[in-house]
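Architecture at a glance
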Amino acid sequence: MASRPAPQTAAGRGRSPERRRAILDAADRIIQRDGPDASMSAIAAEAGISKPILYRHFGDKSGLYRALAQRHVDPLMERVRAELHAGSSLRVRARATVGAYLGMIRGNLNLYRFLMDRATSEDPRTRGDLGMMVRRLGEELAGVLRDDLRVADPVRAQITAHAVVGMVQAAGEWWLEHPEVAPEIVIDDLTSAVVGAITGHDPVREPGA
C-alpha cells in the first residue's frame, strides 16, 4: 500500500517564498513609515502574523535584517555595476554611477538608515555582509580601472578604487544629513572628486556630460 505524503507542517508553510515576500513587503511599508526605529511587532502586525511566527520565517531578527539587505542592496549594486561597465567616457560613467547611488539612497532614506545604522549595529552578520558588498564593488572598480582606463599599476588601481568607493559612500552619508543641498551640486562636485582621484586632474567636461 502506497504511503501518503507527509502533511506539510506549519513551519514548512511559513517558510514558503511567497509568504516570505509578503512579510518583506510588510517590513518595507513599516520601515518607510516609521524609519530605523520600526519595531518587529509592528512589522509582524502589518503582515498579519505574530512576532514568533515572523521569526519562524527568518530564523531570528538578524535573519530578517539580512533578507532585507539582500532584497534592496543587491539591486543597488547591480545598478551601480551597470553604470561602471557602460563603456562611456570616465566623467560620464562616474556621473551616472554617482547619480544612481545617491538617487537610490535619498529615495529610500528610512530603509537606508534601517539597514546601515540599526541593522549593522545590532547584527554583526549583516554588518559583515554589507561590508563585503562594498569591498566587492571596490574590487570591481579596480578591474575597470585596470582594463578600461588603463591604470597599469594594479596596486594603485586597488587603492584608488577602494578610496573612491569610500569617498562616495561618505559623501552620500553627509548629504543625507544636509537635504538642503541640491542633488545637482552634490553629483557635480562628487563626480569631479571621483575623476580627480582617478586621473589626478579633472578633465574638461564633455558637452552634455
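Before reading on, note that the structure itself is shown above.
What counts and what doesn't
Residues numbered from 1 in each chain as written. Predicted model: local features only at pLDDT ≥ 70, side-chain atom pairs only at ≥ 80, totals over all residues. Heavy atoms only, no water. Core = buried A, V, L, I, M, F, W, Y, C linked by side-chain atoms within 4.5 Å. Buried < 20%, exposed > 50% of the residue type's maximum accessible area, 1.4 Å probe, protein only. Helix = DSSP H or I, 4+ residues; strand = E, 2+ residues; numbered from the N terminus. Contact = heavy atoms within 4.5 Å. Axes fitted to C-alpha atoms, helices over the stretch in contact; angles between N-to-C directions. Parallel < 35°, antiparallel > 145°, perpendicular 65-115°, else oblique. Nonpolar A, V, L, I, M, F, W, Y, C, P; charged D, E, K, R; others polar. 1 Å grid on protein atoms, 1.4 Å probe; cavity = no way out; pocket = protein on both sides within 12 Å on 5 of 7 lines; lining within 4 Å. Points joined across faces, edges and corners; volume = space filled by probe spheres on them. Salt bridge = Lys/Arg side-chain N within 4 Å of Asp/Glu carboxyl O. Left-handed = near helix turned anticlockwise from the far one by under 90°.

Some remarks on the nonpolar core
- Ranked by internal contacts, the top residues of the largest apolar core, which has 58 residues, are Leu 64, Leu 68, Tyr 101, Leu 102, Phe 114 and Leu 141.
- Ranked by the residues each element gives to this core, the list is headed by helix α5 (residues 61-84), at ten residues.
- Ignoring sequence-local partners within four residues, the contact set of Tyr 101 consists of Leu 76, Val 80, Tyr 112, Val 168 and Gln 169.

Comments concerning the environment of Phe 58
- In this fold, Phe 58 is placed in helix α4 (residues 51-58).
- Judged by relative accessible area, which is 10%, Phe 58 ranks as buried.
- Here the alpha-carbon distance between Phe 58 and Arg 20, two residues 38 residues apart in the chain, equals 8.1 Å.
- Leave out the neighbours within four places in its chain, and Phe 58 touches Arg 20, Ile 23, Leu 24, Gly 63, Leu 64 and Ala 67.

Things to note about the packing of helix α3 (residues 40-47) against α4
- Relative to each other, α3 and α4 sit at 90°, their axes nearing to 8 Å. Considering their axes alone, α3 and α4 lie roughly perpendicular with respect to each other. Across from Met 40, Ser 41, Ile 43 and Ala 44 in α3, the residues of α4 making contact are Lys 51, Leu 54 and Tyr 55.
- For the contact of α3 with α4, a count of residues per class yields five nonpolar, one polar and one charged.

With respect to the layout of surface pockets
- The volume enclosed by the largest pocket comes to roughly 600 Å³.
- Lining the largest pocket are 32 residues; nearest its centre among them are Leu 76, Met 77, Val 80, Tyr 101 and Leu 137.
- Contributions of two or more residues to the lining of the largest pocket are made by α5, α6 (90-107), α7 (109-122), α8 (124-147), α9 (154-176) and α10 (183-199).
- At eight residues, α6 tops the list of elements feeding residues into the lining of the largest pocket.
- Among the residues forming the lining of the largest pocket, the class breakdown is 27 nonpolar, four polar and one charged.

Observations regarding the environment of Ala 26
- Structurally, Ala 26 can be placed in helix α2 (residues 17-34).
- Note: C-alpha distance between Ala 26 and Gly 48 (22 residues apart in sequence) is 9.0 Å.
- Residues within four places of Ala 26 in sequence aside, it is in contact with Ile 43, Glu 46 and Ala 47.

A look at the pattern of salt bridges
- Enumeration according to the criterion identifies 16 salt bridges in this entry.
- Residue Glu 177 pairs with Arg 113 through a salt bridge whose shortest N-O separation is 2.6 Å. In this pair, Glu 177 is assigned in the loop between α9 and α10 and Arg 113 in helix α7, connecting sequence segments 64 residues apart.
- Taking the relative accessible area as the measure of exposure, Arg 113 reaches 10% and is therefore buried.
- Of the charged contacts in the structure, one is a salt bridge between Arg 118 and Glu 122, with a shortest N-O distance of 3.4 Å. With a gap of four residues between them, Arg 118 and Glu 122 both fall in helix α7, about one helical turn apart.
- Exposure remark for Arg 118: the relative accessible area of 15% places this residue in the buried category.

Quick look at the packing of α5 against α6
- Between α5 and α6, the shortest axis-to-axis distance is 8 Å and the interhelical angle comes to 165°. When the axes of α5 and α6 are compared, the pair comes out roughly antiparallel. With respect to the hand of their crossing, α5 and α6 are arranged in right-handed fashion. Across the interface between the two elements, Leu 76, Arg 79, Val 80, Glu 83 and Leu 84 from α5 touch Arg 93, Ala 96, Thr 97, Ala 100, Tyr 101, Met 104 and Ile 105 from α6.
- For the contact of α5 with α6, the per-class residue count stands at eight nonpolar, one polar and three charged.

The analysis is restricted to geometry; functional conclusions fall outside its scope.
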